[in-house]
Amino acid sequence: MSNEAPMAGGIPAGGNGRDARVAAPMKAVNIILDEHRSLAAVLHGMLYLVRAIRDGKSKPDFKLFGAMVYYIDAFPDRLHHPKEDRYLFRLLRLRHPASGDLLDRLEAEHVAGETKIRAVEAALRRYEHGGPQHFSEFADAVEAYATFHWGHMRAEEEQVLPLARQYLTPADWQEVDEAFAGNTDPMFGAAAGDEYETLFRRIAHLAPPPIGVGPER
Ligand SMILES: [Fe+2]
Ligand SMILES: [Fe+2]
């Protein structure tokens, strides 16, 4: 994440931390960890809000939930997972074929994640338009998605990144770093990153403390 302090332990003030892209060798590793932290911050925020509603401490803010679901849906699918699949995973398969099963599973999770976030989106729509009797279905979908995505990110951080550090060549890292810094494909470039940074900041400004700086509810 960028060097700005997190907001009260919640969504970091500095957006999705893309400033870290000016960092050292293997900067792709820092970018991946940054992007995971941004996603985790929004997931934690959603869980916090869901639990506050369940405990009767908060009312639903559907605009905020909608922005959070959109971010969790669009950011990994458009920016994060394609870079992992096309660069990091492809090169790791090549240099260390024994990682094939692990990478097969993680690539399948990239596809499955799209279906799972669709379920959260549909549950949110039913809760918004169908009323409080649909709250527990929405809460369960958020909890299930967060558990799924944390497991996915943990496997990448604890298994894939150490293997990549071990087996990728300096030329491989140069290719992966370029891709993650947004220099390879316009789809991954500054404009795409800026869109998510803006959305991330919007979420932080809509969300109430302690997860953001928005109004108390
Ligand atoms: Fe992934
Ligand atoms: Fe990832």
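Residues numbered from 1 in each chain as written. Chains lettered and ligands numbered in written order. Predicted model: local features only at pLDDT ≥ 70, side-chain atom pairs only at ≥ 80, totals over all residues. Heavy atoms only, no water.

With that settled, consider the coordination of the iron ion (ligand 2). Geometry reference: four tetrahedral donors at a metal, ideal angle 109.5 degrees. Six octahedral donors, ideal angles 90 or 180 degrees. At the metal site, the iron ion (ligand 2) is ligated by His36 (NE2), His80 (NE2), Glu84 (OE) and Glu156 (OE), and these contacts range over 2.0 to 2.2 Å. One way to put it: the 4 donor atoms around the iron ion (ligand 2) meet at angles of 79 to 171°, and that makes the site irregular. All donor residues of the iron ion (ligand 2) come from one chain, and their arrangement in sequence is H-x43-H-x3-E-x71-E. Separating the iron ion (ligand 2) from the iron ion (ligand 1) is a gap of 3.1 Å, bridged by Glu84, which donates to each. You can see His36 sitting in helix 1 (residues 27-54) and its partner Glu84 sitting in helix 2 (residues 62-95), a full 48 residues away along the chain. There is no split in this pair, since His36 and Glu84 are both buried. (Donors = N, O, S within 2.8 Å, 3.2 Å for Na, K, Ca; no water. Tetrahedral: all angles 85-135°; square planar, octahedral: opposite > 155°, others 65-115°. Helix = DSSP H or I, 4+ residues; strand = E, 2+ residues; numbered from the N terminus. Buried < 20%, exposed > 50% of the residue type's maximum accessible area, 1.4 Å probe, protein only.)

Turning our attention to the side chain of His149. Considering the arrangement of structural elements, one finds His149 in helix 4 (residues 135-167). Judged by relative accessible area, His149 falls into the buried class, the value being 2%. Those residues in contact with His149, other than ones at most four positions away along the chain, are Leu39, Leu43 and His81. (Contact = heavy atoms within 4.5 Å.)

On to the coordination of the iron ion (ligand 1), then. Every protein donor of the iron ion (ligand 1) is accounted for by Glu84 (OE), His110 (NE2), His152 (NE2) and Glu156 (OE), and the metal-donor separations fall at 1.9 to 2.2 Å. Each of the 4 donor atoms around the iron ion (ligand 1) contributes to a set of angles spanning 86 to 171°, which defines the coordination as irregular. Between consecutive donor residues of the iron ion (ligand 1), the sequence gaps follow E-x25-H-x41-H-x3-E. Look at Glu84 and you get buried, because its relative accessible area is 1%.

Turning our eyes to something else, we now look at helix 5 (residues 170-180). All buried positions along helix 5 are accounted for by Asp172, Trp173, Val176, Asp177, Ala179 and Phe180. Projected down its long axis, helix 5 carries its buried residues within an arc of 160°, all on one side. More than 90 degrees from the buried face of helix 5, the exposed residues found are Pro170, Ala171 and Gln174. In this structure, the buried residues of helix 5 make contact with helix 1, helix 2 and helix 4. Just past helix 5, the residue Gly182 takes up positive phi, approximately 85°. (Arc of directions from axis to C-beta.)

A few words now on the packing of aromatic side chains. What the rule picks out here adds up to 6 aromatic pairs. Note on Phe65 and Phe138: the rings are 5.0 Å apart at their centroids and 75° apart in plane angle, and the pair reads as edge-to-face. With Phe65 in helix 2 and Phe138 in helix 4, this residue pair connects regions lying 73 residues apart in the sequence. With relative accessibility at 1%, the residue Phe65 sits in the buried group. Taken together, the ring pairs in this structure connect Phe62, Phe65, Tyr127, Phe135 and Phe138 into an aromatic cluster. (Phe/Tyr/Trp six-rings, centres within 6.5 Å; stacked < 30°, edge-to-face > 60°.)

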